[in-house]
Amino acid sequence: MKTIIINGSPKGNARNSNTRIISEEFVRGMKTPCDIKCIANSDLEELAHHIEKYDTVIIILPLYIHAMPGIMMNFIEHLKPASIQGKYLGFIIQAGFVETAQEKYVERYFASLAKQLNYIYLGTVSKGEAAGIYMFPKMFKKVLKKINDLGKIYEETHAFDQNIIEDLGKPYELSKIQTFLFQLLCDLGLNNVGWHKMLRQNHAFDKRLDRPFL
Ligand SMILES: Cc1cc2nc3c(=O)[nH]c(=O)nc-3n(C[C@H](O)[C@H](O)[C@H](O)COP(=O)(O)O)c2cc1C
């Protein structure tokens, strides 16, 4: 089965793109590594045409504002239904928030999109708490190993391993105790890193839950 990986991050091939790291880890060690192409900076018409040469398309993407990035939506607009039966479409979503429950709406959409495009749905793998991968790759060694195993098993079986999907998908939702501990971290100011730090530096932290369009 000839497979192409599509990197759906607006950062494309940049060093700080977690999608790039995950895509490369997925194919690392394969006997015949899959081709990888980025949506960012591509001619979308050409790319949509190019993927028709493959039996399977796996799209790896981040979640931006609880949804897929705009360039990814734009790319989908260029896709045409497969002209022959038996082609597969799968997805790997990675995002910053801990709970993978936020991915459920995009997942549902991807399942129906595959059907609309006359592809067999290979499934969706979801991973939360992934924003720090490029900053602290050593801390994410286990996660990257699971992604690597996912790729190796995919090459052997042409399927996403269910155990790894379940593992990477945890926690789907935080338990009450986890929520309490998380709240404690916030109250103590120990979460003043990354995104939160940036919001504070820009005097936007108190406005982070505003809903201006309501
Ligand atoms: C503009 C923007 C919006 C984001 N929105 C979300 C979000 O709604 N939920 C979430 O879990 N992570 C969100 N993130 C975090 C990204 O999903 C996470 O950092 C991901 O690993 C980025 O992948 P990339 O480096 O390949 O683009 C956001 C990041 C950015 C830059």
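All figures in this text were calculated on a predicted structure; none of them were measured in a lab.

Asks: Hey, could you run me through the pattern of salt bridges in this one?
Replies: Oppositely charged side chains may form a pair once their charged atoms are brought near each other. One pass over the full model with this rule turns up six salt bridges. Ionic pairing is found between Glu25 and Arg28, a salt bridge with its closest N-O pair at 2.6 Å. We classify Arg28 as partly exposed; its relative accessible area is 48%. Linking Lys146 and Asp167 is a salt bridge whose minimum nitrogen-to-oxygen distance equals 3.2 Å. Of this pair, Lys146 sits in helix α5 (residues 141-157) while Asp167 sits in helix α6 (residues 162-168), placing them 21 residues apart in sequence. The class for Asp167 is partly exposed, based on a relative accessible area of 35%. Through salt bridges with shared partners, a single network forms among Lys146, Asp167 and Lys170.

Asks: It is not clear to me how the nonpolar core should be interpreted in this structure. Could you clarify?
Replies: Generally speaking, a soluble globular protein has its nonpolar side chains buried in company with each other. Grouped together as the largest cluster of nonpolar side chains are 28 residues, with contacts concentrated most on Ile6, Phe75 and Phe110. For this core, the secondary-structure elements that each account for two or more residues are β1 (3-7), α2 (44-50), β3 (56-62), α3 (70-78), β4 (88-94) and α4 (104-116). It is α4 that contributes the most residues to this core, four residues altogether. Residues within four places of Phe75 in sequence aside, it is in contact with Ile6, Ile39, Leu44, Leu47, Ala48 and Ile51.

Asks: Sorry, what's going on with helix α7 (residues 176-187) here?
Replies: Residues spaced three or four apart along an α-helix face the same direction, because each turn holds 3.6 residues. The terminal C-alpha atoms of α7, which comprises twelve residues, lie 16 Å apart, in line with the 16 Å expected from a rise of 1.5 Å per residue. The positive-phi residue at the C-terminal boundary of α7 is Gly189, with phi of around 75°.

Asks: Mind showing me how you'd approach the packing of aromatic side chains here?
Replies: To describe a pair of aromatic rings, one takes the distance between the centres and the angle between the planes. Enumeration over the complete set of coordinates arrives at four aromatic pairs. Taken together, a centroid distance of 6.3 Å and an interplanar angle of 45° make the contact between Tyr154 and Phe160 tilted. Note on Phe160: relative accessible area 6%, which makes it buried. Positioned over the ring face of Tyr54 is Lys2, at 4.8 Å from the centre of the ring. Here the guanidinium or amino end of Arg200 rests over the ring plane of Phe205, the centre of that ring lying 3.8 Å away.

Asks: Can you walk me through the sheet that holds β1 in this structure?
Replies: Picture the strands of a sheet paired through backbone hydrogen bonds; they go either parallel or antiparallel. Taken in spatial order, the five strands of this open sheet run β2-β1-β3-β4-β5, and their pairing is parallel. Strands with a single pairing partner mark the edges of an open sheet, and in this sheet they are β2 (35-38) and β5 (120-127). Averaged over all adjacent pairs, the angle separating strand axes in this sheet is 20°, with direction ignored. As judged from the seven bridges shared by β3 and β4, these two strands associate in the parallel manner. Note on β4: the bridge partner recorded for Leu61 is Ile93.

Asks: Mind showing me how you'd approach the side chain of Thr100 here?
Replies: Here Thr100 is to be found in the loop between β4 and α4. Judged by relative accessible area, which is 3%, Thr100 ranks as buried. Of note is the side chain of Thr100, whose polar atom sits 2.6 Å from the backbone oxygen of Gly169.

Asks: So what exactly am I meant to see when it comes to the layout of surface pockets here?
Replies: The calculated volume of the largest pocket comes to roughly 2,400 Å³. If you go around the largest pocket, you meet 46 residues; those closest to its centre are Gly96, Phe97, Ala131, Trp195 and His196. Those elements that place two or more of their residues in the lining of the largest pocket are α1 (18-27), α5, α7 and α8 (194-201). The residue inventory of the lining of the largest pocket, partitioned by class, reads 26 nonpolar, 14 polar and six charged.

Conventions used here
Residues numbered from 1 in each chain as written. Predicted model: local features only at pLDDT ≥ 70, side-chain atom pairs only at ≥ 80, totals over all residues. Heavy atoms only, no water. Salt bridge = Lys/Arg side-chain N within 4 Å of Asp/Glu carboxyl O. Buried < 20%, exposed > 50% of the residue type's maximum accessible area, 1.4 Å probe, protein only. Helix = DSSP H or I, 4+ residues; strand = E, 2+ residues; numbered from the N terminus. Core = buried A, V, L, I, M, F, W, Y, C linked by side-chain atoms within 4.5 Å. Contact = heavy atoms within 4.5 Å. Expected span 1.5 Å × (residues − 1). Phe/Tyr/Trp six-rings, centres within 6.5 Å; stacked < 30°, edge-to-face > 60°. Lys NZ or Arg CZ within 6 Å of the ring centre and 35° of its normal. Pairing = 2+ DSSP bridges. Axes fitted to C-alpha atoms, helices over the stretch in contact; angles between N-to-C directions. Polar contact = N/O pair within 3.5 Å; in protein donor to acceptor, adjacent residues only side chain to side chain. 1 Å grid on protein atoms, 1.4 Å probe; cavity = no way out; pocket = protein on both sides within 12 Å on 5 of 7 lines; lining within 4 Å. Points joined across faces, edges and corners; volume = space filled by probe spheres on them. Nonpolar A, V, L, I, M, F, W, Y, C, P; charged D, E, K, R; others polar.

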